[in-house]
Amino acid sequence: NAGVMQNPRHLVRRRGQEARLRCSPMKGHSHVYWYRQLPEEGLKFMVYLQKENIIDESGMPKERFSAEFPKEGPSILRIQQVVRGDSAAYFCASSPYGQGNQPQHFGDGTRLSIL
Amino acid sequence: AQSVAQPEDQVNVAEGNPLTVKCTYSVSGNPYLFWYVQYPNRGLQFLLKYITGDNLVKGSYGFEAEFNKSQTSFHLKKPSALVSDSALYFCAVRDNAPMGNNAGNMLTFGGGTRLMVKP
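Residues numbered from 1 in each chain as written. Chains lettered and ligands numbered in written order. Predicted model: local features only at pLDDT ≥ 70, side-chain atom pairs only at ≥ 80, totals over all residues. Heavy atoms only, no water.

(A) The interface of chain B and chain A, seen in detail. Contacts between the two partners involve 23 residues from chain B and, on the opposite side, 25 residues from chain A. In total, about 2,000 Å² of surface goes out of reach between chain B and chain A, with carbon and sulfur atoms giving 50% of it. Here Asp108(A) ties to Arg42(B) by a salt bridge, and the two come within 3.1 Å at their closest N and O atoms. Where chain B meets chain A, there are 8 residue pairs in polar contact (both at pLDDT 80 or more). Those elements giving two or more residues to the side of chain B that touches chain A turn out to be β5 (31-38), β6 (44-50) and β10 (87-95) of chain B. At 4 residues, the largest contribution of residues to the side of chain B that touches chain A is made by β5(B). Of the residues that constitute the side of chain B that touches chain A, the class distribution is 11 nonpolar, 8 polar and 4 charged. (Contact = heavy atoms within 4.5 Å. Buried area = accessible area lost by both parts, 1.4 Å probe. Salt bridge = Lys/Arg side-chain N within 4 Å of Asp/Glu carboxyl O. Polar contact = N/O pair within 3.5 Å; in protein donor to acceptor, adjacent residues only side chain to side chain. Helix = DSSP H or I, 4+ residues; strand = E, 2+ residues; numbered from the N terminus. Nonpolar A, V, L, I, M, F, W, Y, C, P; charged D, E, K, R; others polar.)

This is the structure we're talking about:
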C-alpha cells in the first residue's frame, strides 16, 4: 500500500537548466498539491491539481514554473531556467477528495540544489 | 486570507515531562486544523485534525490537541514526552470554505517548532 511517491529524492542542477519533479499520488487519490519548503521554514502552497486540471495555482511563480497532472502518469512540477533561489525541498501531497476536512498525505520530497 | 503562527522556534522538554507546542490561527470562516510532524529528510506525517465536535482531539503516538475558539488556538500536547518525539512540528489550517472556493483547498502552515526531548 504505497504512499505518495516522489522522485528523484535529490536533484542537482546548474543555473539555467530545467528541473522536473515527479509525484505519484496514493492509490485512489485524484487530488495533488505541491508545496515548497525553504530551510528551517514551513511549507508554502504552490499549486493544486486534479486529473488534467489546474484548480489553484495562486502560490506558483508566474514565470518559469509549471505543473501538470495528466490523465495517465504522475504529476510533474517543472522549473525552467533554474536559479539559485529555487534551491528548496519540494513536497507533493495527495487526498482522495478536495474537501477541506480531509488530511493531505505527503511524500518524502525532492531536494533541489542549484549549483 | 488564512494564517498560522507558531510562536516558538524550539521547545525543550525532559523525557517523561508533559509537552506543549503552541499554535494560533486566523481564518475568515470556520477552521479545519491539522498537526503534522516532520523527521529529518522526510515528508510530513499527519498526527491529528480538528474538524468539528469535541475541542480535545486525540491523535497518533499519544498526541492530543485542544481547540480553543475564543483564543483561536490549537496547541499540541502530550502528557509524557519521549526522546523519539524529537522532530519538527507543523500546525496547519484550512478555511471551511464551500466546495468550489479555492481558498478551501490549500493548507496554510505555520513556520514550524522544533521539539527537543532530552533524556
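(B) Main features of the pairing of strand β8 (residues 75-79) of chain A. Residue and element names in this part refer to chain A. Most of β8 is tucked away: 4 of the 5 residues are buried. Summarising the sheet, strand β3 (residues 19-24) and β8 pair through 5 bridges and their orientation is antiparallel. Residue pairing for β8: Leu21 is matched across the bridge by Leu77. Here strand β7 (residues 65-68) runs beside β8; their pairing, made up of 4 bridges, is antiparallel. Of the residues in β8, the one forming a bridge with Phe65 is Ile79. (Buried < 20%, exposed > 50% of the residue type's maximum accessible area, 1.4 Å probe, protein only. Pairing = 2+ DSSP bridges.)

(C) Just the pairing of strand β2 (residues 10-14) of chain B, in detail. All names here are of chain B. Burial along β2 is one-sided: Val11 and Val13 are buried, and none of Gln10, Asn12 and Ala14, which face the opposite way, are. Across 5 bridges, the pairing between β2 and strand β12 (residues 113-118) is parallel. By the bridge assignment for β12, Asn12 is matched with Met116.

(D) Examining the layout of surface pockets more closely. Each pocket or cavity is described by its volume, and for the largest pocket that value is around 330 Å³. Around the largest pocket sit 20 residues that line it, and Gln37(A), Pro39(A), Glu40(A), Arg111(A) and Gln38(B) are the ones nearest its centre. Residue assignment for the lining of the largest pocket shows that the elements contributing at least two residues are β9 (88-95) and β11 (110-114) of chain A together with β10 of chain B. With 3 residues, β11(A) is the single largest residue contributor to the lining of the largest pocket. (1 Å grid on protein atoms, 1.4 Å probe; cavity = no way out; pocket = protein on both sides within 12 Å on 5 of 7 lines; lining within 4 Å. Points joined across faces, edges and corners; volume = space filled by probe spheres on them.)

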